[in-house]
Amino acid sequence: MSGPDGFEIVLDLGMQPLSDSFLPPGHDGAEYTYPLRVVRHTEHPLVRLDTVVPREKMFHDEYPYHSSTSTRMQEHFSAVADRFLRDELTGDDPFIVEIGSNDGIMLSRVADAGRRHLGVDPAGGVGDIARERGVRVRAAFFDEQCAREIRAEDGPADVVYAANTMCHIPYLDSILRGVDALLTRDGILVFEDPYLGDIVERASFDQIYDEHFHFFSATSVQHIVAPHGFELVDVERLGVHGGEVRYTVARRGARPVGHAVAELVAHEQAMDLHGRATLEGFAARVRTNATDLVRTLTDLRAEGKRIAGFGATAKSATVTNYAGIGPDLVPVIYDSTPAKQGRLSPGAHIPIAPSSEFRAPYPDYTLLFAWNHAEEIMEQEVAYRESGGRWLVYVPDVHVV
Ligand code: DWN
Ligand code: SAH
């Protein structure tokens, strides 16, 4: 199957709604949809979506994802901030810019330490929360133009950081020109995103949705940054969000390249991560996984079991709409985010209820859409397991916990 220039389709997940577009109750009008297809480049190590959804449709003032809903993620980002404060923001009046600062989960720590910073995020609602936490925010899409404006107003940055945002941005050349304009001579660009190697190994196909445009690897990041005079100098595998990698990029020659880079590139070569056969094997597992999930839910319903979902994640839009899971199989999804509660999930129209309502009488089985926060959620909801309730997870395959 052919895709955009030089790309071929490896997985077609059909027409999909916007993953973070929760609908008002009773909504029965049309929803914006786009074809969700994963493509690989036939010559270069690049795996991405083939269709660009206009950025304003996804990221706007009502963007409902609040990063700080997870305490584990708060800890994760406090540690990130502490590391920057210790290792990078040490010179005379250092400056850090974060792309996709959301509700200030990382920068609030930098603000507390009194260091010069700027968060850039087009989502006004979460931006206001960040401001309340003392974070300086610019409501904008970061791109070359925005970077040049920041440079003119604030001077060069020692660090440009982005978590779960770089992979959301189709226009990476503009971003990298902007980073080039913004960074000091030995400044660094650090970004962390879901790792293609983990997605393939775990068949975590719900990482594929409108907002996740690129599926990065060490090899692909090397390829993407090189034309801009940058090189990948460090990689770290992270356990958060189901498996991510943190990439550190510097101007070519400005910093020593760590051993971890060659090791991860070798791992990707050994698994032929970008190869057609590998990605087609992944696509086959995804289809099996979705079929198994629907069969399991259908069987449980036929036995009269009560089912619910937990975590109205962006990821769950792909699972429900690709597998065909609606309120008949999962009548409700519990979630702690006020902006999602009382609304309907995109496409599948499953009602979202506050997670405080997840209590006795409990459902018999709960489909954990937020499987990446399994430990945190299962700890919080320990009474559910104790009362005989069971968690149902679909990554890396369908199983009961
Ligand atoms: O990349 C992205 C990541 C960082 O966040 C964005 N494109 C959108 C979003 O993706 P997601 O919605 O799949 O992220 P999460 O972090 O898996 O979402 C967890 C959901 O579960 C949130 O809606 C909050 C909810 N939750 C809850 O109800 N109780 C989460 C926790 C930890 C809880 O205890
Ligand atoms: N960094 C946070 C938020 C991730 S969600 C975390 O890891 O939890 C992705 C965020 O990127 C959203 O808040 C979205 O509004 C923002 N975003 C998307 N495109 C952007 C761009 N071009 N510039 C800045 N922020 C962007």
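The structure displayed is predicted, hence computed values, not measured ones. Residue indices begin from 1 for each chain and proceed along its sequence in written order. Ligands are numbered from 1 and chains lettered from A, in the order in which they are written. Whole-chain, interface and lining totals are the exception, using all residues; otherwise, since this is a predicted model, local features are given only for residues with pLDDT of at least 70 and side-chain atom pairs are given and counted only at 80 or more. To obtain the side-chain values, all non-hydrogen atoms of the structure were included, while hydrogens and water were left out.

**A closer look at the site of ligand 2**
If even one non-hydrogen atom of a residue comes within 4 Å of a molecule or strand, that residue is called near it. Neighbouring ligand 2 are 22 residues; Ser67, Gly100, Asp121, Phe142 and Asn164 lie closest to it. Here Gly100 contributes a backbone N or O atom positioned 2.8 Å from a nitrogen atom of ligand 2. As used in this structure description, the phrase polar contact means that two N or O atoms lie within 3.5 Å; if the pair is within protein, one of them must be able to donate a hydrogen and the other to accept it, and residues adjacent in sequence are counted only when both atoms belong to side chains. Separating a nitrogen atom of ligand 2 from a backbone N or O atom of Phe142 is a distance of 2.8 Å. If ligand 2 stood free it would expose 570 Å²; the protein chains cover 98% of that surface. In these tables, accessible area is a Shrake-Rupley quantity obtained with a 1.4 Å probe, and a residue counts as shielded only by the protein chains included in the view.

**Some details on the site of ligand 1**
Near ligand 1, the surroundings consist of 27 residues, among which His168, Glu211, Lys315, Asp335 and His373 are the closest. Within the contact set of ligand 1, a nitrogen atom lies 2.7 Å away from a side-chain nitrogen or oxygen of His168. Here Thr337 contributes a side-chain N or O atom positioned 3.3 Å from an oxygen atom of ligand 1. When isolated, ligand 1 has an accessible area of 720 Å², and the protein chains bury 97% of it. By the criteria applied, helices consist of DSSP H or I runs no shorter than four residues and strands consist of E runs no shorter than two, each listed in order from the N terminus. The dominant element in the shell around ligand 1, judged by the number of residues it contributes, is helix α12 (residues 374–380), at 3 residues. Among the residues forming the shell around ligand 1, the class breakdown is 8 nonpolar, 13 polar and 6 charged. Only Asp, Glu, Lys and Arg are considered charged, only Ala, Val, Leu, Ile, Met, Phe, Trp, Tyr, Cys and Pro nonpolar, and every remaining residue, Gly among them, polar.

**Looking at the nonpolar core**
Nonpolar core, defined: a set of buried Ala, Val, Leu, Ile, Met, Phe, Trp, Tyr and Cys residues in which side-chain atoms within 4.5 Å join the residues together. Exposed residues in this analysis have more than 50% of their type's maximum accessible area, buried residues have under 20%, and partly exposed residues fall in between, with area computed by a 1.4 Å probe over protein chains only. Formed by 111 residues in total, the largest nonpolar core has its most connected members in Phe142 and Ile208. Ranked by residue count, the leading element in this core is helix α10 (residues 276–302), at 9 residues. For this analysis, residues touch if any pair of their heavy atoms sits within 4.5 Å. Excluding its chain neighbours within four sequence positions, the residues that come into contact with Phe142 are Val97, Ile99, Val120, Ala147, Ile150, Tyr171, Ile175, Val179 and Leu182. Judged by nonpolar contacts, the second largest core, of 25 residues, contains Val80, Ile105, Val137 and Ile188.

**A word on the pairing of strand β5 (residues 116–120)**
Counting buried residues in β5 gives 4 out of 5 residues, a clear majority hidden from the surface. We treat two strands as partners when DSSP finds at least two bridges between them. Relative to β5, strand β4 (residues 95–99) runs parallel, the two being bridged by 5 bridges. Residue pairing across strands places Ile96 opposite His117, the latter belonging to β5. Look down the strands so they point away from you; if going from the first strand over the helix to the second traces a clockwise path, that crossover is right-handed. Note on the crossover from β4 through helix α3 (residues 107–112) to β5: the handedness is right-handed. Two strands pair when backbone bridges link them, and β5 and strand β6 (residues 137–138) are joined in this way by 2 bridges, in the parallel orientation. The residue bridging Gly119 from the neighbouring strand is Val137, located in β6. For the segment spanning β5, helix α4 (residues 124–132) and β6, crossover handedness is right-handed.

**Some thoughts on the pattern of salt bridges**
Put simply, a salt bridge is a Lys or Arg side-chain nitrogen that is within 4 Å of an Asp or Glu carboxyl oxygen. With the rule as written, the count across this model stands at 26 salt bridges. Notably, a salt bridge pairs Asp103 with Arg133, separated by 3.7 Å at the nearest N-O pair. With Asp103 in the loop between β4 and α3 and Arg133 in the loop between α4 and β6, this pair connects stretches of sequence that are 30 residues apart. Its relative accessible area of 29% is what places Arg133 among the partly exposed residues.

**A short note on the packing of helix α5 (residues 144–154) against helix α6 (residues 172–182)**
Every axis corresponds to a line fitted to the C-alpha atoms, with the helix fit spanning only the stretch in contact, and the corresponding angles, defined between N-to-C directions, vary from 0 to 180 degrees. Between α5 and α6, the shortest axis-to-axis distance is 7 Å and the interhelical angle comes to 10°. By the angle between their directions, the pair α5 and α6 is classed as roughly parallel. Our pair here, α5 against α6, has a crossing hand that is right-handed. Within the contact between the two elements, α5 uses Glu144, Ala147, Arg148, Ile150 and Arg151 and α6 uses Ser174, Arg177, Gly178, Ala181 and Leu182. Throughout, the term roughly parallel applies to angles under 35 degrees, roughly antiparallel to angles over 145, roughly perpendicular to angles from 65 to 115, and oblique to all others. A crossing counts as left-handed when the near helix is turned anticlockwise from the far one by less than a right angle, and as right-handed when that turn is clockwise.

**A word on the domain arrangement of the protein chain**
Taken domain by domain, the protein chain consists of domain 1 (7–41 + 277–400) and domain 2 (47–273). Taken together, the contacts link 41 residues of domain 1 with 36 residues of domain 2. Buried surface area refers to the total accessible area, computed with a probe of radius 1.4 Å, that the two partners give up upon joining, counted for both partners together. Taking both partners together, domain 1 and domain 2 bury about 3,400 Å²; carbon and sulfur atoms supply 63% of that area. Residue Arg72 is joined to Glu375 by a salt bridge in which the shortest nitrogen-to-oxygen separation is 3.0 Å. Domain start and stop positions are those given by an automatic or database domain assignment.

**Side note on the sheet that holds strand β15 (residues 390–393)**
Taken in spatial order, the 6 strands make up an open sheet running β13-β12-β11-β14-β15-β16, and their pairing is mixed. Each end of this open sheet is capped by a strand with a single partner; those strands are β13 (352–354) and β16 (399–400). Pairing of β15 with β16 involves 2 bridges; the strand directions are antiparallel. For Val393, the partnering residue across the bridge sits in β16 and is His399.

**Considerations on the packing of aromatic side chains**
Centres within 6.5 Å make a pair out of two Phe, Tyr or Trp rings, where for Trp the six-membered ring is used; the pair is then stacked when the planes are under 30 degrees apart, edge-to-face when over 60, and tilted otherwise. This structure, assessed with the given rule, holds 15 aromatic pairs. Relative to Tyr63, the ring of Phe59 has its centre 5.5 Å away and its plane inclined at 65°; by these criteria the two rings are edge-to-face. Of the two residues, Phe59 and Tyr63, neither departs from the other in class, the shared state being buried. Where Phe216 meets Tyr247, the ring centres are 6.3 Å apart and the plane angle is 80°; that geometry is what we call edge-to-face. A residue pair is termed long-range when its members are at least 10 positions apart, and Phe216 in the loop between α7 (196–202) and α8 (218–225) and Tyr247 in strand β10 (residues 244–251) qualify at 31 residues.

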